[in-house]
Amino acid sequence: QVQLVESGGGLVQAGETLRLSCAASGRTLSSYGVGWFRQAPGKEREFVAGISWSGGSTWYADSVKGRFTISRDNAKNTVYLQMNSLKPEDTAVYYCASPPPGYEYWGQGTQVTVSS
């Protein structure tokens, strides 16, 4: 079993940046893809970004493409989500999950709030 812990959320102004981290324990993440998801109040959870086990492949929701970058450091058992040019509509609780496609394991989430 693997435990995932997100960190790095916070309150920022529109246009600013944040970097979220997803740290794994209990089992290495290095053999698995990882996804970032988010859920805004009153909305369904949505996919944000994903990365393959090697980091060689990444994919993004259209809403964040060009602004967010997913990466990983398998030596640190950690996956990152660099979020640039944040917008108020990016406000949500952000979760990491693994492995695709079923995403059996989820973190507890980290709140990102973007003020206008």
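Structure first, text after, so check above.
Residues numbered from 1 in each chain as written. Predicted model: local features only at pLDDT ≥ 70, side-chain atom pairs only at ≥ 80, totals over all residues. Heavy atoms only, no water.

**Considerations on the overall build of the protein chain**
Stated precisely, the cut-off is as follows: By definition, any uninterrupted DSSP run of H or I lasting at least four residues is a helix, any uninterrupted run of E lasting at least two residues is a strand, and each is numbered from the N terminus. Radius of gyration here uses only the C-alpha atoms, and the compact-globule reference equals 2.2 Å multiplied by the residue count raised to the power 0.38. Relative accessibility under 20% of the residue-type maximum defines a buried residue, over 50% an exposed one, and the middle range a partly exposed one, all with a 1.4 Å probe and only protein chains included. Any two residues having at least one pair of non-hydrogen atoms within 4.5 Å are treated as being in contact. For accessible areas, the Shrake-Rupley method is used with a probe of radius 1.4 Å. Any residue's cover is judged against the shown protein chains and nothing else.
Each helix and strand counted, the protein chain has zero helices and eleven strands in total. Listing the helices and strands of the protein chain from first to last along the sequence gives β-β-β-β-β-β-β-β-β-β-β. For 116 residues, the compact-globule estimate of 2.2 N^0.38 gives 13 Å, and the C-alpha radius of gyration of the protein chain, at 13 Å, lies within 12% of that figure. Taken over the C-alpha atoms alone, the protein chain extends approximately 40 × 25 × 20 Å along its principal axes. Of all 116 residues assigned to the protein chain, the portion counted as buried reaches 44%. Across the protein chain, the fraction of contacts at a sequence separation of at least 24, relative to all contacts at a separation of at least 6, is 52%. As displayed, the protein chain has an accessible area near 5,900 Å², and 48% of this comes from carbon and sulfur atoms.

**Some thoughts on the state of the cysteines**
Quick note on the threshold: Here, two cysteine sulfur atoms that lie within 2.5 Å of each other are counted as a disulfide.
In total, this model carries one disulfide according to the counting rule given. Each sulfur of the disulfide joining Cys-22 and Cys-96 lies 2.1 Å from the other. Here the S-S torsion is close to 70°, and the disulfide linking Cys-22 with Cys-96 is therefore right-handed. With Cys-22 in strand 3 (residues 18-25) and Cys-96 in strand 9 (residues 92-98), this pair connects stretches of sequence that are 74 residues apart. Residues Cys-22 and Cys-96 agree in their burial class; the two are buried.

**Quick look at the environment of Leu-29**
Position of Leu-29 among the secondary structure elements: in the loop between strand 3 and strand 4 (34-39). Look at Leu-29 and you get buried, because its relative accessible area is 2%. On a C-alpha basis, the gap between Leu-29 and Asn-74 in space is 7.0 Å, while along the polypeptide they are 45 residues apart. Ignoring anything within four residues of it in the chain, the contact list for Leu-29 reads Leu-4, Ala-24, Val-34, Arg-72, Asn-77, Val-79 and Ser-98.

**A closer look at the pattern of salt bridges**
What counts, and what does not: Each salt bridge in this description consists of a side-chain nitrogen of Lys or Arg and a carboxyl oxygen of Asp or Glu lying within 4 Å of one another.
What the rule picks out here adds up to four salt bridges. Residues Arg-38 and Glu-46 are paired through a salt bridge, measuring 2.6 Å at the closest nitrogen-oxygen approach. The class for Arg-38 is buried, based on a relative accessible area of 6%. Its salt-bridge partner being Lys-65, residue Asp-62 comes within 3.1 Å of it at the nearest N-O pair. Across this residue pair, the class does not change: Asp-62 and Lys-65 are exposed. One continuous salt-bridge network, built from bridges that share partners, spans Arg-38, Glu-46, Arg-67 and Asp-90.

**A closer look at the environment of Thr-78**
Put simply, the test is: Definition of a polar contact: a pair of N or O atoms within 3.5 Å, with one able to donate and the other able to accept a hydrogen when the atoms are protein atoms, and with sequence-neighbouring residues admitted only if both atoms are side-chain atoms.
With respect to the element layout, Thr-78 can be found in strand 8 (residues 78-83). Spatially, the C-alpha atom of Thr-78 lies 8.8 Å from that of Ser-30, the residues being 48 residues apart in sequence. Separated by 2.8 Å, the side chain of Thr-78 and the backbone oxygen of Lys-76 make a polar contact.

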